[in-house]
Amino acid sequence: MTAQIAASRDARVRQDFPVGVSKEAEMFALNFYNELYGDALRKGRKSATIRLGDKTGKYQSGMLVWVTLGQRFGRRYKLFTAILDSVEVKAIKDLTPRDLQRENPEFRTKEDVIALLSRVYDRPVVEESLITIIYFSPVDEYGLDGI
């Protein structure tokens, strides 16, 4: 590709993005399986998710994400937009009761998390396994209701 064509292409790309937004800007989603979390998300009882491994390369505090429901590689449904309040990496053994409660109001022990992650990721998970806890809050996109 010649330098003139490349410069022309780059100028067109830059025009498509507002000032201050890089062309690498992306929208991310936190997807949940309906049968596991749909009701808790809809009712606001779930405000965190625990993912196996270190996901800080993908999710960071302050990001806006879509919270979606649906099967992997299938149709998904947007429930709401959320802001990521905090993204923490730790071992399962270091989970606090508050972490458990925000992941799932019915969870009482770290073994509950181990059983869930083993099922979702279809592999053995142990207390030493590294996890990422993503805390999120819904964003009301349509006004200041309730304020």
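All values reported here derive from a predicted model rather than from experimental measurement.

Caption draft 1: Fine view of unusual backbone geometry. Non-glycine residue Phe 73 carries a positive phi angle of around 65°. In this structure, Asp 122 is a non-glycine residue whose phi angle is positive, near 55°. Counting through the fold element by element, Asp 122 comes out in the loop between α4 (110–121) and β5 (130–139).

Caption draft 2: Quick look at the environment of Met 27. As for its position among the elements, Met 27 is in the loop between α1 (3–15) and β1 (28–32). Each C-alpha atom of the pair Met 27 and Val 65 lies 6.4 Å from the other, and the pair is 38 residues apart in sequence. For Met 27, the residues in contact, after removing those within four places along its chain, are Leu 64, Val 65 and Trp 66.

Caption draft 3: Spatial organisation of the sheet that holds strand β3 (residues 64–70). If you walk across this open sheet you meet the five strands as β1-β3-β4-β5-β2, and the pairing is mixed. The open sheet terminates on both sides in strands that have one partner only, identified here as β1 and β2 (48–52). Across the sheet, the axes of successive neighbouring strands diverge by a mean angle of 40°, strand direction being ignored. Bridging between β2 and β5 involves five bridges; their strand directions are antiparallel. Residue pairing across strands places Leu 52 opposite Ile 131, the latter belonging to β5. Packed on one face of the sheet, helix α2 (residues 34–42) meets β1, β3, β4 (76–91) and β5 and runs near 130° to β3. Across the face of the sheet, α4 comes into contact with β2 and β5 while running at roughly 60° to β2.

Analysis parameters
Each chain has its residues counted from 1, running along the sequence as written. Given that the model is predicted, a residue must reach a pLDDT of at least 70 before its local features are reported, and side-chain atom pairs must reach 80 or more before they are shown or counted; all residues, however, enter totals for whole chains, interfaces and linings. Excluded from the side-chain calculation are hydrogens and water; included are all heavy atoms of the structure. Secondary structure elements are defined from DSSP: runs of H or I of at least 4 residues count as helices, runs of E of at least 2 residues count as strands, and each element is numbered from the N terminus. Working rule for contacts: check all heavy atoms of both residues, and any pair within 4.5 Å makes them a contact. Strands qualify as paired when DSSP identifies two bridges or more between them. Axes, fitted as lines to C-alpha atoms, cover a helix only where it is in contact. Angles between the N-to-C directions of the axes lie from 0 to 180 degrees.

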